[in-house]
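Residue strings, one per chain:
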Amino acid sequence: MNTIIKDAKSKQIFQKAKTLIPGGVNSPVRAFGSVGMTPRFIQSANGDKITDIDGNEYIDYVCSWGPGILGHAHPQVIYAVQKACAEGLTFGAPTKKEVILAEMISECVPSMEMSRLVCSGTEAVMSAVRVARGFTKREKIVKFKGCYHGHSDGLLVKVGSGAMTSSVPDSAGVPSDFTKHTLIALYNDKESVKNLFEKNGSEIAAVIVEPVAANMGVVLPEKGFLEFLREITLKYGALLVFDEVITGFRLGLGGAQEYFHVKPDITTLGKIIGGGLPVGAYGGKKEIMEMVSPAGPVYQAGTLSGNPIAVTAGIETLKILQKDTSIYQRLEEKAALLEKAVKKSAGETVCVNRIGSLMSVFFTAGKVSDYATAASSDTKRYAEYFAWLLEHGIYTAPSQFEAMFISDAHTKEDIDKTCQVMAEYFL
């Protein structure tokens, strides 16, 4: 197979970018730091392909980190967005489309009886935590090591060296007082959650979890784990928050909560409900959401919340997903082929975790079921694997600890090519 070697323009613009933008990128993983390469600056995208400024074309398995479930530049979405742009980009006032999108979200995710649109997943989670505290009149939040919920101060936390209940900021610039009410549990470890509730039960406002962890690589919940979280939160009067920024509308129209038959109190959604444009949402039971201003005392606002262009893209994307539910079966079949190809060629040298159209190849021989086992992966081998794929025209996550996304636009030809390239790496 031909290898891709052109990267002069990307190198040149990256050097300039580093003089103007911290690290040369506007989101850290894009810098390719963990794979030791120069990031490819993307010029355009269509279907399952992206093209960089050097003219290299890649089969894309990042899909803008999830929202590209239909592929890039879907004609129906593009047409609707162009039409909406001609009517005005932003109003700072309510539109009918916001109501339409909220209704569509509620139809697909029944636990979201009411929802509030925001501009990102981070903002959705930050707001969901605030409303959980306002509703319960409690301050402590339980999160899981390895689960990422955006970069708001109170959730940039991982376990300290002391007791499990000790939380230290995971970023410079975050005062320890901002995280003292964030308690850390271990994903798929019921006992760690029980211990926190036994010590702090009357103070815990909510448990927030990625129902399928996708920010330490794809890590599936073990049987009964999500059900356990539902039970213990009900027992102690805390709320259960599902962060479905990744899984929402990707595991099915109803997201992970439909897939696993577990109903949370609050759900957060991200860019997929905007067709890839900047948007997020949080929602839940009516009695909880009516705590949000102006209906209630929990304040949250935003000039661009419910932006008409982002909402238009979201409506059209959800229309397509609602109309053709066979999309999810096609995604399952394509992803299964990729999983089979890696397992057949790599054998026991890697661990492949997959659910629906989300997949990770961990460079560790053991089972990956939590942060510790994910962290045992050989990141140097992953960097070699990433470089091999990139050189053969396949664009995947530039980090061992991110997910691989499959879209409805991925063709059989491109899936077959990807399977072949993956297999050749391990042979």
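Reading the values: the criteria
- Residues numbered from 1 in each chain as written.
- Predicted model: local features only at pLDDT ≥ 70, side-chain atom pairs only at ≥ 80, totals over all residues.
- Heavy atoms only, no water.
- Helix = DSSP H or I, 4+ residues; strand = E, 2+ residues; numbered from the N terminus.
- Rg over C-alpha atoms; globule rule 2.2 N^0.38 Å.
- Buried < 20%, exposed > 50% of the residue type's maximum accessible area, 1.4 Å probe, protein only.
- Contact = heavy atoms within 4.5 Å.
- Lys, Arg positive; Asp, Glu negative; His and termini not counted.
- Charge placed at Lys NZ, Arg CZ, Asp CG, Glu CD.
- Expected span 1.5 Å × (residues − 1).
- Arc of directions from axis to C-beta.
- Pairing = 2+ DSSP bridges.
- Axes fitted to C-alpha atoms, helices over the stretch in contact; angles between N-to-C directions.
- Parallel < 35°, antiparallel > 145°, perpendicular 65-115°, else oblique.
- Left-handed = near helix turned anticlockwise from the far one by under 90°.
- Nonpolar A, V, L, I, M, F, W, Y, C, P; charged D, E, K, R; others polar.
- Salt bridge = Lys/Arg side-chain N within 4 Å of Asp/Glu carboxyl O.

A. Just the overall build of the chain, in detail. Within the chain, the secondary structure is distributed over 13 helices and 16 strands. Taking 427 residues into account, the globule formula puts the C-alpha radius of gyration at 22 Å, and the chain, at 21 Å, falls close to it. Projected onto its principal axes, the C-alpha positions of the chain cover 60 × 55 × 45 Å. Buried positions account for 55% of the 427 residues belonging to the chain. Considering only intrachain contacts with a sequence separation of at least 6, the fraction spanning at least 24 residues in the chain is 71%. Taken together, the 45 basic and 46 acidic charged side chains of the chain have centroids lying 2 Å from each other.

B. Structural context of unusual backbone geometry. A cis geometry characterises the amide bond from serine 293 onward to proline 294, with omega recorded as 10 degrees. Among the structural elements, proline 294 can be located in the loop between α8 (286–289) and α9 (308–323). The residue serine 64 is not glycine, and still its phi comes out positive at about 55 degrees. With respect to the element layout, serine 64 can be found in the loop between β3 (57–60) and α2 (75–86). A residue is classified by how much of its surface remains accessible, and serine 64, at 39% relative accessible area, is partly exposed.

C. Molecular detail of helix α10 (residues 327–346). Helix length check: α10, at 20 residues, gives a terminal C-alpha distance of 29 Å against a target of 28 Å (1.5 Å per residue), a fit within 8%. All of the buried residues along α10 are Ile327, Tyr328, Leu331, Lys334, Ala335, Leu338, Glu339, Ala341, Val342, Ser345 and Ala346. Buried residues along α10 cover an arc of 155 degrees about the axis, so they all sit on one side. Seen from the buried face of α10, the exposed residues on the opposite side, beyond 90 degrees, are Lys340 and Lys344.

D. Representation of the sheet that holds strand β8 (residues 182–186) in the model. Overall, mixed pairing links the seven strands, which are arranged β4-β12-β11-β10-β9-β5-β8 in an open sheet. A strand with exactly one partner marks an edge of an open sheet, and here the two such strands are β4 (114–118) and β8. Pairs of neighbouring strands in the sheet enclose a mean axial angle of 20 degrees, with direction left out of account. Bridge count between strand β5 (residues 140–145) and β8: five bridges; the pairing is parallel. Each bridged residue has a counterpart across the sheet, and for lysine 145 the counterpart in β8 is leucine 186. Relative to the sheet, helix α6 (residues 225–236) contacts β5, β8, β9 (204–209) and β10 (239–243), its axis offset from that of β10 by approximately 145 degrees.

E. View of the packing of α10 against helix α13 (residues 412–426). Where α10 meets α13, the closest approach of the two axes is 8 Å, and the angle between their N-to-C directions is 20 degrees. Classed by the angle they form, the pair α10 and α13 counts as roughly parallel. In terms of crossing hand, the pair formed by α10 and α13 is right-handed. Mapping the contact onto sequence places Lys334, Leu337, Leu338, Ala341, Val342, Ser345 and Ala346 in α10 and Ile415, Thr418, Cys419, Met422, Ala423 and Phe426 in α13. For the contact of α10 with α13, the per-class residue count stands at ten nonpolar, two polar and one charged.

F. Fine view of the environment of glutamine 400. Relative to the elements of secondary structure, glutamine 400 occurs in the loop between β15 (394–395) and β16 (404–405). Using a relative accessible area of 3% as the deciding quantity, one classes glutamine 400 as buried. Setting aside chain neighbours within four positions, we find glutamine 400 in contact with Gly217, Val361, Phe362, Phe363, Ser377, Asp378, Thr379 and Tyr382.

G. α13, seen in detail. Taking 1.5 Å of rise per residue, the 15 residues of α13 would be expected to cover 21 Å, and the 22 Å separating its terminal C-alpha atoms lies within 8% of that figure. Every buried residue of α13 is listed here: Asp414, Ile415, Thr418, Cys419, Val421, Met422, Ala423, Tyr425 and Phe426.

H. Region of interest: the pattern of salt bridges. Scanning the model with the defined rule gives 15 salt bridges in all. One salt bridge in this structure joins glutamate 222 and lysine 367, with 3.7 Å as the shortest N-O distance. In this pair, glutamate 222 is assigned in the loop between β9 and α6 and lysine 367 in the loop between β14 (358–362) and α11 (371–375), connecting sequence segments 145 residues apart. A residue is classified by how much of its surface remains accessible, and glutamate 222, at 33% relative accessible area, is partly exposed. By relative accessible area, which is 60% here, lysine 367 ends up exposed. Among the ionic pairs, arginine 230 bridges to aspartate 265, the shortest N-O distance being 2.8 Å. Linking arginine 230 in helix α6 with aspartate 265 in the loop between α7 (255–260) and β11 (266–269), this pair joins segments that are 35 residues apart in sequence. Summarising the burial analysis for this pair, arginine 230 and aspartate 265 share the class buried.

That is the geometry; function is a separate question.
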